[in-house]
Structures are given as C-alpha cells and as structure tokens.
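These are the residues of each chain, in order.
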Amino acid sequence: MNRDEAGDRTERHEWPDAERGEDRFPRDDAADPYDGGVLEELEAHQFFHPPSVRWYRSLFSDRNSGEGQDLGDVEFLHHRGLVVECGDRLAPTRAAVLVFGRPRYVRQVLPRPVVDCQFIGATYDDGPPDRHWTDRIVVEENLLQAWLTVAERYMRHAERPFSIDTRTLRRDDVPPGYTSFREALINQLIHQDYGDGGRTAFIRFYRDRTVFWNPGDAGAPTRELLDRTAKEVRNPLIAAAFRGIGLARQAGTGIRAIFRDWQGLGHAAPVIRSDEARSEFELALVGEGVAAGGARVDDVRAADRGGEERPTDLPRPDMADMVSDHGDQVRADVEGDQGSDRLTARQRAIVAACDVLRSLAELMERADVSHRSHFRRKHLKPLLEAGVVRMTNPANPRAPNQKYVLTDAGAALRVDQPQPSREREG
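Report follows, based on the coordinates. None of these values were measured; they are calculated from a predicted model.

**Considerations on the packing of helix α7 (residues 178–191) against helix α10 (residues 254–264)**
The packing of two helices is summarised by the inter-axis angle and the distance between the axes. Packing of α7 against α10 leaves a shortest axis separation of 8 Å and a crossing angle of 155°. Considering their axes alone, α7 and α10 lie roughly antiparallel with respect to each other. By crossing handedness, the relation of α7 to α10 is classed as left-handed. Judged by residue contacts, Thr 179, Ser 180, Glu 183, Ala 184 and Asn 187 of α7 engage Gly 254, Ile 255, Ala 257, Ile 258, Asp 261 and Trp 262 from α10. A breakdown of the residues in the contact of α7 with α10 according to their chemical character gives five nonpolar, four polar and two charged.

Here you go:
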C-alpha cells in the first residue's frame, strides 16, 4: 500500500524521534515477551487473513512432513502456540495478529506501518532529495504480506543475470545480493519493537547502499552479534512462525549470514548501529553503484513508468492461492523446485515454438507480445545468450529472413517443459 503522507525522516544522519523511548524498557525487561500478549477481545476464528494462513500452511506442511495437515486453521494456530486458551474459548496472541491478521486487526495492534520502503535517487552522502516521496511502498498489512510485498518489489527491479546450468538446464537469475537482502529484511520483521507505535521501520535504497532501520536495539554489542552463541529474541513467537517455513535462521546466525554473503560478493562489511538508549537498530549494506543488491534507482523509475512485466517467481501478496517455496537455499527462495519455473511463461512459449524454424513475428505471436524491441530484449535475448535458441543467420541478426530454432541444449530443455499457457503474464 503506497502512502505518501507517511512520516518522512529526510535527513541522512538524523535518527527518528525517540519520544517513545521511555516505554521501551518495561517492554524489554518484562518476563513475558510483548508478542505473546493475549488479545482477549478478539475471536480466534475471525482475526486471521485466510490466504495468508493457507499460504503459510502449504509451506509449513512441505517442510514438516505434513505436520498439522488434519487440523483446522484455528486448531493449527493453537497447536503452534499463536492462539491460546482464554477461559472457555480461544483468543489470538499479538504475534498471531501481526503474522496472520486481517489488515484492520493488524492496525488495531500496530497503529503504524510495518515497514516503509523508500527508493532514493541519490547517494548516501547526498541524502534524500528535497521533494515529496513518490518512489516508495508503505506496508500496513501482516508480516507475511510485508515479506511478500517487499520481496516482490525487490525481485521486480533487482539486476538479475540470466544463465542456465548446462548440467541441470535450470534457470539461475538470482540477484547477487539476494541472500543478504532476505536476511536483513527478515531480521527487521522479526526483531523490531512492535510495542513502539510511534516510529516506523524503514528500508532506504540509495544508489550506493541499502539501509534497514527499525525501532528496538539489538540487545547486544555488535561484536556479539557475529559470534555463534544464541541470542535473546525480542519476539520469540514471531521468530518461531517464520522459522517454521524456513524464513528465519536459528537465533544468532542471521547477522553472521549477512556479513558472510555480502563480503563474499566483494563488498565492504555491513555497517551496524545499535543504540540501546534510543532503542533503535540500523544495518547498512554498502556497495558501490548499486541499491537493493543490484537494483538501480533509475531502472526502478523506468520500469514503473514503462509498465514492465512482473516476474512470476514470487506470488502476488493478495492472491488467494499464494504458492511459493522459501527454503534455506537462495534458488529455492526465488524459483521453487518445479521444472515449470525454470523459464518464464513467455520463454516457455518460445522454446515450445522453436522446435521448427520460426520468424521473429511468429515467436512474438506465440508469446503474445506486440512490442518488438521489448520482446527481443526481455524474452528472446536471454535464451540466445544462454544457448537455448540460436539464429540461422547469426552474422546478420537483423536479416529479413532471420529464423530461430532450438539448440541441442534447448531441445533437451523443451522435453522437460510443460505446454505453455497462452494467458498473459502481469
């Protein structure tokens, strides 16, 4: 949900106001975690968003050998400790509403957005431009929806190098910084202070770095965040919910994974700031010339203006049949394990058509695309570069009699692909 009127923190070095800082200590020092509080006024059968629960349970069942498959939704949430007995009935915890709740119930528990993503066409040293925000997305839905919405936006605009493994014929276009981005976002969703209703967590995509900020300090010095010991978790029920579908690591390993992956890409070490007095945490992924692990801000704007197609790798967060696979492997996070996800639907149509010689016009018709330049760049060029399709006259790519046909690798790939759908993507 885009909301330009959400509060902006426009100065680069300015921490958000800490007027609610005095409320932090009773919450963090309490014997019972904040996310475990019971909302007795809500009925267990009415608070949750059915598509979110359905999506979650599908992934949970796959990862946990069908555990809880025979339970109803409320019973499943009770089994997971997210719904608890309250007298003679069941009532949700705060964690249950935050993770699975319908938007109106989420807003009752959290009177501010979950996260505010801002795409800034400037470097970190330049600071945000002096203008009204337009390139942003503000999420006011549950945490599963927040994950899907932000991850989808990231995947839509990140630079995604296209290649096909010659041994498995599997498509691999995972953005280089995806693992670091995923771990940082999940860390933000799990560990922020949801009892702080006055300050909104944000992600700022600068040209040269991505900054994650949230209310709630890390509770430990930076050096301790990088060791292997288990750490105290601010929201244990929320963490357990994400861990149940493979989206959260064991306590104490997420920050280490971010450092290992980001530095493994040749970047400087991430920068962490944790301020206990002001109860706030910031993590910055610093990389020259990139934002969002490869997404350039100018490309974000161009795609939004030009109506670029949406990728099919990640589901729309409002779809009733949300299906994906967010396991521990990066490729599984993005693609799933089914052969039909190796290529986009339009690329599958091209592969299916090229069992015989085809002209460019014929391929565009099969793929249901009318813009010639866009078709060449977006759909055909990756297949040519990956050695799936070849030109009959490669010396003269624009030859009037140019035809396209499968290579041997493409022919083998075609055998493994289902028949393409003629439905329009995105």
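**Quick look at the packing of α7 against helix α9 (residues 236–243)**
Running from N to C, α7 and α9 point in directions that differ by 145°, and their axes come no closer than 8 Å. Mapping the contact onto sequence places Ile 186, Leu 189 and Ile 190 in α7 and Ile 238, Ala 239 and Phe 242 in α9.

**Overview of the pairing of strand β8 (residues 209–215)**
With respect to burial, β8 is a largely interior element, seven of its seven residues being buried. Of the two faces of β8, the one holding Arg 209, Val 211, Trp 213 and Pro 215 and the one holding Thr 210, Phe 212 and Asn 214 are both buried throughout. Here strand β7 (residues 202–205) pairs with β8 via four bridges, running antiparallel. Bridge pairing in β8 places Phe 205 opposite Thr 210. Once β7 ends, the chain turns through three residues before running back antiparallel as β8. The pairing of β8 with strand β10 (residues 280–286) spans seven bridges and is classified as antiparallel.

**Some thoughts on the nonpolar core**
Membership of the largest hydrophobic core comes to 70 residues, with the highest contact counts inside it found for Phe 47, Tyr 56, Phe 100, Trp 147, Ile 238, Phe 242 and Leu 283. Ranked by residue count, the leading element in this core is helix α6 (residues 143–157), at nine residues. Within the second largest apolar cluster, 19 residues are counted, among which are Ile 350, Val 369, Phe 375 and Tyr 404.

**Here we look at the pairing of strand β2 (residues 89–92)**
In summary, the side chains of a regular strand alternate between the two faces of the sheet. The sheet contact formed by strand β1 (residues 83–86) and β2 spans four bridges and is antiparallel. Note on β2: the bridge partner recorded for Val 83 is Pro 92.

**Here's the deal with unusual backbone geometry**
Within the chain, Ser 279 stands out as a residue other than glycine whose phi angle is a positive 55°. Among the structural elements, Ser 279 can be located in the loop between β9 (271–275) and β10. Ser 279 gets classed as buried once you look at its relative accessible area, which sits at 1%. The phi dihedral of Asp 368 falls on the positive side, at around 60°, and the residue is not glycine. Mapping Asp 368 onto the fold places it in the loop between α14 (360–367) and α15 (372–385).

Parameters and conventions
Along each chain, residue indices are assigned from 1 in the same order as the chain's sequence is written. With pLDDT at 70 or above as the cut-off, local features in this predicted model cover only qualifying residues; side-chain atom pairs require 80 or more to be listed or tallied, and sums for whole chains, interfaces and linings still use all residues. Only hydrogens and water are set aside; all other atoms, that is, all heavy atoms of the structure, feed into the side-chain values. Under this scheme, a helix contributes an axis fitted over its contacting stretch, all axes are lines through C-alpha atoms, and angles between N-to-C directions fall in the 0 to 180 degree range. Only DSSP runs of H or I with at least four residues qualify as helices, and only runs of E with at least two residues qualify as strands; both kinds are numbered from the N terminus onward. Oblique is the label for every angle not falling under 35 degrees (roughly parallel), over 145 degrees (roughly antiparallel), or within 65 to 115 degrees (roughly perpendicular). Here a crossing is taken to be left-handed if its near helix is turned anticlockwise relative to the far helix by less than a right angle, and right-handed if that turn runs clockwise. Should any heavy atoms of two residues lie within 4.5 Å, those residues are counted as being in contact. Each residue gets one label: Ala, Val, Leu, Ile, Met, Phe, Trp, Tyr, Cys and Pro are nonpolar, Asp, Glu, Lys and Arg are charged, and the others, such as Gly, are polar. Whether a residue is buried, partly exposed or exposed follows from its accessible area with a 1.4 Å probe, protein chains only, as a fraction of its type maximum: under 20%, in between, or over 50%, in that order. Only strands joined by at least two bridges in the DSSP assignment are considered to pair. What we call a nonpolar core is a set of buried Ala, Val, Leu, Ile, Met, Phe, Trp, Tyr and Cys residues that are connected through their side-chain atoms within 4.5 Å.

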